[in-house]
Amino acid sequence: GRDARRLATGLVDGEVHVHDLESPPGVDPLIVRLGIRPLSLAFHPNGSWLAVQDLRMVSLWPMGWRHPRVLRDGATRVTGLAADPAGRWLASSGQGAPVSLWSVPHGTPTARMANALGDNARHAQTATTPGRFQVSRIKASPRGDRLALGTFSGLWLLPFSGTPEHLEGFDHLVSAVAFDRTGRW
């Protein structure tokens, strides 16, 4: 497995610290000031960028840059962030815009994937109780071929090709989701 070189921490006061784990003791971390509490962090597999989710947006911070690329999709509140394990895209979820895909490192909407995912998200939304398809959590599979969506109406598997699947037995708020390392569970 790959050893981590950097560690990112999000603090309640609105700062994100990026620690270089190979630096000598006592070296200060890189501090990114966001002004709003970070909710989720995700590094590219090679460490070249860091994605930061807060309630308003997703910011894509290329390491070594002073300013981020801000990713906005029309959501009134960002509720989740998932990163492709291969580092090709980020997925965000939010109120008013269930799922958006962004190419990395450019931070632009990924048209082919966004369109396919948009069709699946609309199908999933019509299959649930009206008004209950707000995505509360989002997670990418280890192969990067599907997303797990925790919603107010249960758990959905959203493949990048095919039809979304509502998993039986999950018909209430799902507050956390995770795949095992093979992506089977």
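Residues numbered from 1 in each chain as written. Predicted model: local features only at pLDDT ≥ 70, side-chain atom pairs only at ≥ 80, totals over all residues. Heavy atoms only, no water.

Caption draft 1: Inspection of the overall build of the protein chain at higher detail. Assigned secondary structure in the protein chain consists of one helix and 14 strands. With 185 residues in all, the protein chain has 44% of them scored as buried. In the protein chain, of all internal contacts separated by at least 6 residues, the share reaching a separation of at least 24 is 37%. Per element, the accessible surface of the protein chain, about 10200 Å² overall, is 52% carbon and sulfur. (Helix = DSSP H or I, 4+ residues; strand = E, 2+ residues; numbered from the N terminus. Buried < 20%, exposed > 50% of the residue type's maximum accessible area, 1.4 Å probe, protein only. Contact = heavy atoms within 4.5 Å. Areas by Shrake-Rupley, 256 points an atom, 1.4 Å probe, with all protein chains shown as cover.)

Caption draft 2: Representation of the packing of aromatic side chains. Tallied over the entire structure, the rule returns one aromatic pair. An angle of 65° between the planes, with centres 5.2 Å apart, marks the rings of Trp89 and Phe160 as edge-to-face. Of this pair, Trp89 sits in strand β9 (residues 89-95) while Phe160 is found in the loop between β13 (154-159) and β14 (165-166), placing the two residues 71 residues apart along the sequence. You'll find Trp89 and Phe160 in the same group, each marked buried. (Phe/Tyr/Trp six-rings, centres within 6.5 Å; stacked < 30°, edge-to-face > 60°.)

Caption draft 3: Inspection of the nonpolar core at higher detail. Counting 13 residues, the largest nonpolar core has Ala82, Trp89, Ala91, Val99, Ile138, Leu147 and Leu149 as the members making the most contacts within it. Within the residue set of this core, elements represented by two or more residues are β9, β10 (97-103), β11 (135-140), β12 (146-151) and β13. A per-element tally of this core places β11 first, with three residues. If you look at the next biggest cluster of nonpolar residues, it comprises 11 residues, including Leu71, Val78, Trp102 and Val104. (Core = buried A, V, L, I, M, F, W, Y, C linked by side-chain atoms within 4.5 Å.)

Caption draft 4: Region of the structure containing the pairing of β13. Of all six residues in β13, six are buried; the element is thus mostly enclosed. Strand direction decides the pairing type here: β12 and β13, joined by six bridges, are antiparallel. The residue of β13 that forms the bridge with Arg146 is Pro159. Here β12 folds back onto β13, and the loop between the two strands holds two residues. Pairing between β13 and β14: two bridges, direction antiparallel. Residue pairing for β14: Trp156 is matched across the bridge by His166. (Pairing = 2+ DSSP bridges.)

Caption draft 5: Molecular detail of the environment of Val99. Mapped onto the fold, Val99 is located in strand β10. Given a relative accessible area of 13%, Val99 falls into the buried group. Separated by 19 residues in the primary sequence, Val99 and Gly80 have C-alpha atoms spaced 9.0 Å apart.

Caption draft 6: Expanded view of the environment of Gly169. Note on placement: Gly169 falls in the segment after β14. Assessed through its relative accessible area of 72%, Gly169 is described here as exposed.

Caption draft 7: Quick look at the pairing of strand β2 (residues 15-20). Taken together, the five bridges between strand β1 (residues 6-10) and β2 define a ladder with antiparallel strand orientation. Residue pairing in the sheet places Arg6 in a bridge with Asp20 of β2. What sits between the antiparallel neighbours β1 and β2 is a turn of four residues, in which Gly14 has the positive phi angle 100°. Bridging between β2 and strand β3 (residues 30-33) involves four bridges; their strand directions are antiparallel. Counted as the bridge partner of Val18 is Leu30 from β3.

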